[in-house]
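Residues per chain are reported as follows:
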Amino acid sequence: DEGPISVAAHPSGSIAYALCDNWLLVLKVHHPEEGASPSFELKELQRVQVADLPVSKGRIACSVDGRHVYCLLASLRRIVTLRVAEGGALELVPEAERNVGATQTTAALDLALAGERVLLVADESEQRIHTFRREPSTGVLEASGHVECHAPCAMCVVRWPPRVA
């Protein structure tokens, strides 16, 4: 197996996900006791095969509600959706799989969740950001359009204007 391509954490902080080759690993994060040295232990809980072929590039993200993990398989130009079950285990949601763009390329792709209902995919080869509507209860994505953008290869979603307390 190849080393991790992308990692994401469950909002609870007790589970992490790592995309390695064509597998998504579910890891238990053991936080040290308060006052102990700041080291963490990871224990593999599960392996889920997300592709039949090795994936050279990809990104993963966990929804803010912790119900779903989205896995962007860049070399296959596909988004795989996984449901988070009890204890952080993952189950594939085949009906939620989506393709991204039409260009076969190894150019950069990135994904980011913007709140509970929007998933964004930056596509450097097509010079656009694809938008998907997300149904929070099922995790299913529906393509909702795209925005032209010169060579997007990475994204970070921020709230603007920021909330003032």
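My aim in this report is to walk through the structure given alongside it, one point at a time. (Residues numbered from 1 in each chain as written. Predicted model: local features only at pLDDT ≥ 70, side-chain atom pairs only at ≥ 80, totals over all residues. Heavy atoms only, no water.)

Pairing analysis gives 6 bridges linking strand E2 (residues 15-20) to strand E3 (residues 23-30), with the strands arranged antiparallel. Paired with alanine 18 across the strands is leucine 25, a residue of E3. The loop that links E2 with its antiparallel partner E3 comprises 2 residues; one of these, aspartate 21, has a positive phi angle of about 60 degrees. Examined bridge by bridge, E3 and strand E4 (residues 41-49) share 8 bridges and lie antiparallel to one another. The residue bridging lysine 28 from the neighbouring strand is lysine 43, located in E4. (Pairing = 2+ DSSP bridges. Helix = DSSP H or I, 4+ residues; strand = E, 2+ residues; numbered from the N terminus.)

Tracing the sequence through the fold places arginine 133 in strand E12 (residues 128-134). Arginine 133 gets classed as partly exposed once you look at its relative accessible area, which sits at 46%. Through-space distance from the C-alpha of arginine 133 to that of serine 144 is 6.2 Å; in sequence the pair is 11 residues apart. Discounting residues that sit within four places of it in the chain, arginine 133 has contacts with Arg117, Val140, Leu141, Glu142 and Ser144. (Buried < 20%, exposed > 50% of the residue type's maximum accessible area, 1.4 Å probe, protein only. Contact = heavy atoms within 4.5 Å.)

With that out of the way, let us pick up the side chain of histidine 130. The topology assignment puts histidine 130 in strand E12. Of the residues examined, histidine 130 reaches a relative accessible area of 10% and is grouped as buried. Within the structure, the side chain of histidine 130 is placed 3.3 Å from the side chain of aspartate 123, a separation counted as a polar contact. (Polar contact = N/O pair within 3.5 Å; in protein donor to acceptor, adjacent residues only side chain to side chain.)

This part takes up the nonpolar core. The biggest cluster of nonpolar side chains holds 19 residues, and the ones touching the most others in it are Tyr17, Leu24, Val50, Cys71, Leu73, Leu82 and Leu90. Contributing elements (two or more residues each) for this core: E2, E3, strand E5 (58-62), strand E6 (68-73) and strand E7 (78-84). Beyond its immediate chain neighbours, meaning those up to four positions away, leucine 90 contacts Tyr17, Leu24, Val26, Gln46, Val48, Val69, Leu82, Arg83 and Val84. Ranked by size, the runner-up nonpolar core spans 13 residues in total, among them Ala61, Leu72, Leu113 and Leu119. (Core = buried A, V, L, I, M, F, W, Y, C linked by side-chain atoms within 4.5 Å.)

The subject of this paragraph is the sheet that holds E12. If you walk across this open sheet you meet the 4 strands as E10-E11-E12-E13, and the pairing is antiparallel. Of all strands in the sheet, those with a lone pairing partner are strand E10 (109-114) and strand E13 (141-148), marking the two edges. Shown here is a sheet whose adjacent strand axes are inclined to one another by a mean of 20 degrees, direction ignored. One ladder, built from 6 bridges, connects E10 with strand E11 (residues 118-123); its direction is antiparallel. Counterpart to leucine 109 in the pairing with E11 is aspartate 123. (Axes fitted to C-alpha atoms, helices over the stretch in contact; angles between N-to-C directions.)

For the rest of this paragraph, the subject is the environment of valine 93. Its place among the elements puts valine 93 in the loop between strand E8 (90-92) and strand E9 (98-99). Each C-alpha atom of the pair valine 93 and histidine 68 lies 9.4 Å from the other, and the pair is 25 residues apart in sequence.

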